[in-house]
Amino acid sequence: MKDILHKINDACNGDVVFTGSVSEVFQGAKDWANDIDIILKDATPFKYCYKFSQHPSKSAYSKSGIRAIFFIKGKLIDAFIENEYPEYVVIDGLKFETIQSMYNWSLKTVGRT
């Protein structure tokens, strides 16, 4: 999975934050991730990826309500297109949303899901 994360990071010139279960895995809070959740300001680098689809979303995890999905090496990438990035830590040159930031966001959005 690490090679896919670096591929995404390179395509965005480092302007991406990994979130969700993949962030929890790299911070030692979880053992596995089903998919790769990312936060981007612009999905343009991925518009030609396999099955790319950008759409409105009512997900409580999206501030803007804009998401995209696509696949890299058979792995589902769930992208949240946002105007700002959450608090993050850098691990192995990659930005991961902090566990505390994800927890704080979930507290704000309880009842929205």
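Residues numbered from 1 in each chain as written. Predicted model: local features only at pLDDT ≥ 70, side-chain atom pairs only at ≥ 80, totals over all residues. Heavy atoms only, no water.

A. Region of interest: the overall build of the protein. Helix and strand content of the protein: three helices and seven strands. Helices and strands appear in the protein in the N-to-C order α-β-α-β-β-β-β-β-β-α. In terms of overall dimensions, the protein has C-alpha extents of about 35 × 30 × 25 Å along its principal axes. Here the protein holds 113 residues, and the buried ones make up 43% of them. Long-range contacts, defined here as pairs at least 24 residues apart, represent 50% of the contacts in the protein between residues at least 6 apart. With an accessible surface of roughly 6,500 Å², the protein has 51% of that area assigned to carbon and sulfur atoms. One way to put it: in the protein the 14 positive side-chain charges average out to a point 5 Å from where the 14 negative ones average out. (Helix = DSSP H or I, 4+ residues; strand = E, 2+ residues; numbered from the N terminus. Buried < 20%, exposed > 50% of the residue type's maximum accessible area, 1.4 Å probe, protein only. Contact = heavy atoms within 4.5 Å. Areas by Shrake-Rupley, 256 points an atom, 1.4 Å probe, with all protein chains shown as cover. Lys, Arg positive; Asp, Glu negative; His and termini not counted. Charge placed at Lys NZ, Arg CZ, Asp CG, Glu CD.)

B. Broad picture of the environment of Ile69. Mapped onto the elements of the fold, Ile69 is located in strand β4 (residues 66–72). When the C-alpha atoms of Ile69 and Val22 are compared, they prove to be 16 Å apart, with 47 residues separating the residues in sequence. Sequence-distant contacts of Ile69, that is, excluding residues within four places in its chain, are made with Lys51, Phe52, Ser53, His55, Leu76, Ile77 and Asp78.

C. Quick look at the packing of aromatic side chains. Per the counting criterion, the structure on display carries three aromatic pairs. Relative to Phe96, the ring of Phe26 has its centre 4.8 Å away and its plane inclined at 15 degrees; by these criteria the two rings are stacked. Of this pair, Phe26 sits in helix α2 (residues 20–26) while Phe96 is found in strand β7 (residues 94–97), placing the two residues 70 residues apart along the sequence. Classification of Phe26 by relative accessible area gives partly exposed; the value is 23%. (Phe/Tyr/Trp six-rings, centres within 6.5 Å; stacked < 30°, edge-to-face > 60°.)

D. Structural context of the side chain of Asp35. With respect to the helices, strands and loops of the structure, Asp35 is situated in the loop between α2 and β2 (36–40). Among buried charged residues, Asp35 stands out as having no salt bridge; its nearest opposite-charge side chain is Arg67, 6.5 Å away. Each residue touching Asp35, except ones within four places of it in the same chain, is listed here: Ser21, Val22, Lys75, Leu76 and Asp78. (Salt bridge = Lys/Arg side-chain N within 4 Å of Asp/Glu carboxyl O.)

E. Geometry of the pairing of β2. Burial analysis of β2 places five of its five residues in the buried class, which makes it a mostly covered element. Here β2 shows two buried faces, one formed by Ile36, Ile38 and Leu40 and the other by Asp37 and Ile39. Pairing between strand β1 (residues 16–19) and β2: four bridges, direction antiparallel. Bridged to Thr19 within β2 is Asp37. (Pairing = 2+ DSSP bridges.)

F. Spatial organisation of the nonpolar core. Counting 21 residues, the largest nonpolar core has Ile8, Phe18, Ile36, Ile38, Leu40 and Ile77 as the members making the most contacts within it. Of all the elements in the fold, those that place two or more residues in this core are α1 (2–11), β1, β2, β4, β5 (75–81) and β7. Once residues within four sequence positions are removed from consideration, Ile77 is found in contact with Ile4, Ile8, Ile36, Ile38, Ala68, Ile69, Phe70 and Ile72. (Core = buried A, V, L, I, M, F, W, Y, C linked by side-chain atoms within 4.5 Å.)

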